[in-house]
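The residues making up each chain are set out below.
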Amino acid sequence: MSRALPRLAAAALVAVSASVTTLAGIGAGTATAGPCSVMFGNFGSLLENQTGAGMAGGSLGSTGSASAGPLGSASRAMGSADRSGSLVRQLETGSLGNGLSGSLNTVTGSVYGMPPWITGEEGTVPVLRGPTRFLQLVTGPTSPTESISRYGVAGTDLGIMWDNGHATEPEILMAFGDTMGDCTVPGSQWRSNVLFRSGDTDLGDGVRIDSAATGPDGLAKSIVPRSGLPGEVTIIPTAGIAVEGVQYLRFMSVAHWGQPGSWTTNYSGLAYSTDNGENWTVVPALARPITSAVPVGDGAPPVDPVWRDSQMSSYLRTGEYLYEYLTPSGRQGSAILARVPLAGSPSAEDLDAAGGAPPTAGLLDPAAYRYWDGTDWVADPSDAEPVLPRPASELSVMWNDYLGKYTAMYSQGYNSVVLRTADRPEGPWTGPTVLVDYSVLPGVYGAFMHPWAQGEDLYYLVTTWNAYNVFLVRTSLSEVFPPALRRAAAPAGPPATEVIRHVPVSELVGGAVPTE
């Protein structure tokens, strides 16, 4: 790294996880939780929809010393006071599986059980042995970023990364999802999304965060705030790219969080920034609306069900085109592919001078997009054929110099993180190589590759639901893809990664994850 990472003493848990969650007797189909729980629909759905119907009736087994009654062995809080109830243990280990939390279900993705950060205890980080290793806590308690004191970020997820394209001041921009600070203060310091910047070129000992897009209060701000209307619960970034000095961000307007790994959206939107991600302007004409619940803005196209397969994105830039991999909301769909010529895309100066509506040119021309139908590029998105099979979600795609291939990283059912390679953006793609096995390490999702990681070591960010924070992970490509496997059409048989133990986040020093 260009400078030493600051070191922090092991910190006490922040207010975000200090409140002991309580669940009183279940009977009316509702339950209460800690102050941060209201932000997370998956957890809310678990409590609101499942508890009354399943737990109160005893259909999910014993809830402690009695077959129907309060959680825990003696009607105590579900926080640190008592965690002995059998249902509590099942929730935390995900052993209810398909019946409740979906931790063993390929369609539900990463969320399992009740994470410690929401039940009044701290999360943990896995110590791994093998080609893949967790290196550093990037956000939250003990992180060298000091994200709590500097930016009011105690918990967040995702971390979608792209190169800002600046020749003299290159940086990686990182867009995060639902973000919490101190959940006990009015407003909970909750934001739909935030953005960090990093100029760190040496990731071997972690990633340095240099700045954030901030508001008047000094906290990292929502770069694309939610509308506040009843039909929208949050705005989640899904992809970012820089073209002609302009930063572009794809995001989804979430209408409802359903069962773990499932959610519905109102539309996919596009915003741009001409000041390195500090301020953003939404472009309604590039929206892909599938409901009319939330107004998108003047000039937006009409609601069209054809966009249901295009609610989440991943960008890939080549010399002539911007490629956009598209998936439905949730973690169950396949990926289709669009592309648009870069020629004619406006510069930052063009957009600043335009003042009002941006010019309809280059990637800002919705009519210029074409879709891969398996043979050719066509104008109708309904003719698009999958380039990656289901389940594929939260994609990260880039060229990798070391492999000499395009690489696609994403969550795939039981496999929390897989990697595929191809010679062309449209494929054909190899079979998946598992980097993190869901059966070994549940609760990992949203793997996004660092664009500057072009050597033998592949660096990427992942989120663990257990800690609800983002970690830097490294995979040795020379171990996963030795020469014999690199020449194979469907790589298979790399060394397995195993979990040695789990370390409480508060025991990390400077966010560094132990090696053994």
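Residues numbered from 1 in each chain as written. Predicted model: local features only at pLDDT ≥ 70, side-chain atom pairs only at ≥ 80, totals over all residues. Heavy atoms only, no water.

Chemist: Can you tell me about the pairing of strand 3 (residues 158-163), naming the residues and giving the values?
Modeler: Where burial is concerned, most of strand 3 is hidden: 5 out of the 6 residues are buried. Pairing of strand 3 with strand 4 (residues 172-176), which is carried by 5 bridges, proceeds in the antiparallel orientation. The partner of Ile-160 across the bridge, within strand 4, is Ala-175. (Buried < 20%, exposed > 50% of the residue type's maximum accessible area, 1.4 Å probe, protein only. Helix = DSSP H or I, 4+ residues; strand = E, 2+ residues; numbered from the N terminus. Pairing = 2+ DSSP bridges.)

Chemist: Any details on the environment of Pro-358? Residues and values, ideally.
Modeler: Locating Pro-358 in the fold gives a position in the loop between helix 5 (348-354) and strand 15 (370-372). Spatially, the C-alpha atom of Pro-358 lies 8.3 Å from that of Pro-346, the residues being 12 residues apart in sequence. Setting aside residues up to four positions removed in sequence, Pro-358 forms contacts with Tyr-272, Val-283, Leu-351 and Leu-364. (Contact = heavy atoms within 4.5 Å.)

Chemist: Can you tell me about the sheet that holds strand 22 (residues 457-464), naming the residues and giving the values?
Modeler: Spatially, the 4 strands line up as an open sheet ordered 2-23-22-21, and their pairing is antiparallel. Of all strands in the sheet, those bounded by a partner on one side alone are strand 2 (132-137) and strand 21 (444-449). Strand after strand, the sheet turns through a mean of 35 degrees between neighbouring axes, direction not considered. (Axes fitted to C-alpha atoms, helices over the stretch in contact; angles between N-to-C directions.)

Chemist: Can you tell me about the nonpolar core, naming the residues and giving the values?
Modeler: Counting residues in hydrophobic clusters, the biggest one holds 29 residues, and the most contacted among them are Phe-134, Met-409, Val-417, Leu-419, Leu-458, Tyr-460 and Val-462. Excluding residues within four positions of it along the chain, Val-462 makes contact with Phe-134, Val-417, Val-444, Tyr-445, Gly-446, Ala-447, Asn-469, Val-470, Phe-471 and Val-473. (Core = buried A, V, L, I, M, F, W, Y, C linked by side-chain atoms within 4.5 Å.)

Chemist: Would you mind going over the pattern of salt bridges in detail, with residue names and values included?
Modeler: Per the stated rule, a full pass over the model turns up 9 salt bridges. Between Glu-324 and Arg-250 there is a salt bridge, with its nearest N and O atoms 3.3 Å apart. Highlighted residues: Glu-324 in strand 13 (residues 321-327) and Arg-250 in strand 8 (residues 246-257), separated in sequence by 74 residues. Note on accessibility: Glu-324 and Arg-250 belong to one class, buried. With its nearest N and O atoms 2.8 Å apart, the salt bridge here joins Asp-423 to Lys-405. Highlighted residues: Asp-423 in the loop between strand 19 (415-422) and strand 20 (433-437) and Lys-405 in strand 18 (residues 405-412), separated in sequence by 18 residues. Lys-405 sits in the partly exposed class, given a relative accessible area of 22%. By sharing partners, the salt bridges in this structure join Arg-129, Glu-498 and Glu-516 into a single network. (Salt bridge = Lys/Arg side-chain N within 4 Å of Asp/Glu carboxyl O.)

Chemist: I'd like a description of the packing of aromatic side chains, backed by residues and values.
Modeler: In this structure the tally under the stated criterion is 11 aromatic pairs. With centroids separated by 5.2 Å and ring planes inclined at 45 degrees, the aromatic side chains of Tyr-151 and Phe-196 adopt a geometry described as tilted. With Tyr-151 in helix 4 (residues 147-151) and Phe-196 in strand 5 (residues 194-198), this residue pair connects regions lying 45 residues apart in the sequence. With respect to burial, Tyr-151 and Phe-196 carry one shared label: buried. These aromatic residues form a ring-pair network of at least three members: Tyr-321, Tyr-323, Trp-372 and Trp-377. (Phe/Tyr/Trp six-rings, centres within 6.5 Å; stacked < 30°, edge-to-face > 60°.)

Chemist: Tell me what's going on with the side chain of Asn-193, and back it up with residues and numbers.
Modeler: With respect to the secondary-structure elements, Asn-193 resides in the loop between strand 4 and strand 5. Of the residues examined, Asn-193 reaches a relative accessible area of 1% and is grouped as buried. When residues no more than four places from it in sequence are discounted, the contact partners of Asn-193 are Phe-176, Gly-177, Lys-221, Ser-222, Ile-223, Val-224, Ile-235 and Pro-237.

Chemist: Can you lay out the pairing of strand 12 (residues 312-317) for me, pointing to particular residues and giving the numbers?
Modeler: Among the 6 residues of strand 12, 5 are classified as buried, and the element is accordingly described as predominantly covered. As judged from the 6 bridges shared by strand 12 and strand 13, these two strands associate in the antiparallel manner. Bridging across to strand 13, Arg-317 finds its partner in Leu-322. The turn joining strand 12 and strand 13, which pair antiparallel and follow one another in sequence, is formed by 3 residues.

Chemist: Can you break down the sheet that holds strand 14 (residues 336-341) residue by residue, with the values?
Modeler: Taken together, 5 strands build an open sheet; the order of strands is 12-13-14-15-16 and the sheet is antiparallel. Bordering the open sheet on either side are strand 12 and strand 16 (377-378), each of which pairs with just one other strand. The sheet contact formed by strand 14 and strand 15 spans 2 bridges and is antiparallel. Along strand 15, the bridge assignment pairs Ala-338 with Tyr-371.

Chemist: Talk me through the confidence of the model for the chain; I want residue IDs and the actual numbers.
Modeler: With 73% of its residues at a pLDDT of 70 or more, the chain has an overall mean of 80. Note that residues 1-33 has pLDDT below 50 and, in this model, 90 contacts with residues that lie over four places away or in other chains. Across residues 41-112 the pLDDT falls below 50, and counting only partners more than four positions away or on other chains, this stretch makes 165 contacts in the model. (pLDDT = per-residue confidence, 0-100.)

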